[in-house]
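Residue-level structure breakdown
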Amino acid sequence: MSITPIRLYGDPVLRTPAARVTTFDKELRTLVQDLTDTMMDAPGAGLAAPQLGVGLRVFTYYVDGQLGHLVNPDLDLSGEIEVDEEGCLSIPAFSWPTPRSLSVVARGFDMYGEPVTVEGSHLLARCIQHETDHLDGILFIDRLDKEQRMLALKEIRSAEWAGLPGPIVRDSPHANPTYGA
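Overview of the structure. (Residues numbered from 1 in each chain as written. Predicted model: local features only at pLDDT ≥ 70, side-chain atom pairs only at ≥ 80, totals over all residues. Heavy atoms only, no water.)

1. Quick notes on unusual backbone geometry
For clarity, the threshold we go by: Each helix is a run of DSSP H or I of at least 4 residues and each strand a run of E of at least 2, with the numbering of both proceeding from the N terminus.
With an omega dihedral of -20°, the bond running from Ala 42 to Pro 43 counts as a cis peptide bond. Inspection of the secondary structure assignment puts Pro 43 in the loop between helix H1 (26-41) and strand E1 (46-48). Located in the positive-phi region is Asn 72, a residue other than glycine, with phi close to 50°. By the element assignment, Asn 72 lies in strand E3 (residues 66-77).

Here is the structure:
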């Protein structure tokens, strides 16, 4: 079991698009386990690799008793929109009403390289979209309208954890040049 510190808003890794996974090996399985352990400990509904400082297209989720992960996700979104409260482990203690597609079909791979399709609506759809956004360097506050986003940023700046010294950046134990582009 490996609980890893979660990167907080302001860390550049959260705004950097993640690279596609090209090697499905023991290091990837360790990353998925670290993501799962950290997400469950937090606790959260999902956690993406960039939130642990790893720039790879991988996330885990735990919604309505369903635990899973997805590597290199590709999403098909419904046209119907739902607005609901959304938060993020990288922006702790805050949530705002955020628009998302009501349902999603996500295609990708598991940690062994086997194709996976996950279909969901409401909370599962929201979680999959949120975590996939992380892989693209997008935060949920980017989905708010301009006025809400300005208020959210003001609240974030006043957070107890805001303005702390930047995170300690270490080489990931998952660093492997074969994962690259």
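Back to the write-up after that little detour.
2. Regarding the pairing of strand E7 (residues 115-121)
Test applied: In this description, strands pair whenever DSSP reports at least two bridges between them.
Both strand E6 (residues 103-109) and E7 contribute to a ladder of seven bridges, which runs antiparallel. The residue bridging Ser 103 from the neighbouring strand is Ser 121, located in E7. Between E6 and E7, which pair antiparallel and follow one another directly, the connecting turn spans five residues, one of which, Gly 113, has a positive phi of 90°.

3. Concerning the side chain of Arg 7
Here is the rule we go by: Definition of a polar contact: a pair of N or O atoms within 3.5 Å, with one able to donate and the other able to accept a hydrogen when the atoms are protein atoms, and with sequence-neighbouring residues admitted only if both atoms are side-chain atoms.
Take Arg 7: it is sitting in the segment before H1. Separated by 2.9 Å, the side chains of Arg 7 and Asp 11 make a polar contact.

4. What to know about the sheet that holds E3
Definition in use: Between the N-to-C directions of two axes lies an angle of 0 to 180 degrees, each axis being a line fitted to C-alpha atoms and, for a helix, fitted only over the stretch in contact. Residue contacts follow a heavy-atom distance rule, with two residues in contact if any of their heavy atoms lie within 4.5 Å.
On the basis of which strands lie adjacent, the open sheet formed by five strands has the order E1-E2-E3-E6-E7 and antiparallel pairing. The sheet terminates laterally at E1 and E7, the two strands that pair on one side only. The sheet shows a mean angle of 40° between the axes of neighbouring strands, direction not considered. Two elements, E3 and E6, share five bridges in a ladder whose sense is antiparallel. Across the sheet, the residue bridging to Leu 75 is Ala 106, located in E6. Relative to strand E2 (residues 58-63), H1 is tilted by about 40°, and along the sheet it contacts E1, E2 and E3.

5. Remarks on the pairing of E2
Applied cut-off: Only protein chains enter the area calculation, which uses a 1.4 Å probe; residues under 20% of their type maximum are buried, those over 50% are exposed, and those in between are partly exposed.
The element E2 is extensively covered by neighbouring structure, given that five of its six residues are classed as buried. Here three bridges tie E1 to E2, and the two strands are oriented antiparallel to one another. Across the sheet, the residue bridging to Leu 47 is Thr 60, located in E2. Taking the residues between adjacent antiparallel strands as the criterion, E2 and E3 are bridged by two residues, where Asp 64 takes a positive phi near 50°.

6. Details of the environment of Ser 78
Looking at the secondary structure, you find Ser 78 in the loop between E3 and strand E4 (81-88). Considered as a pair, Ser 78 and Ser 121 are 43 residues apart in the sequence and their alpha carbons are 9.3 Å apart. Non-local contacts of Ser 78, meaning those with residues more than four positions away in its chain, are made with Ser 101, Leu 102 and Ser 103. A polar contact of 3.4 Å, which involves the side chain of Ser 78, links it to the backbone nitrogen of Leu 102.

7. Looking at the pattern of salt bridges
The condition that has to hold: Counted as salt bridges are all cases of a side-chain nitrogen of Lys or Arg within 4 Å of a carboxyl oxygen of Asp or Glu.
Considering all chains together, one arrives at eight salt bridges under this definition. Residue Asp 76 pairs with Arg 107 through a salt bridge whose shortest N-O separation is 2.6 Å. Note that Asp 76 is positioned in strand E3 and Arg 107 in strand E6, a separation of 31 residues in sequence. What makes Arg 107 partly exposed here is its relative accessible area of 40%. With a shortest N-O distance of 2.6 Å, Glu 86 and Arg 126 are connected by a salt bridge. You can see Glu 86 sitting in strand E4 and its partner Arg 126 sitting in helix H2 (residues 123-135), a full 40 residues away along the chain. One exposure class covers both Glu 86 and Arg 126, and it is buried. If you follow the salt bridges from partner to partner, you end up with Glu 86, Arg 100, Arg 126, Asp 133 and Arg 143 in one network.

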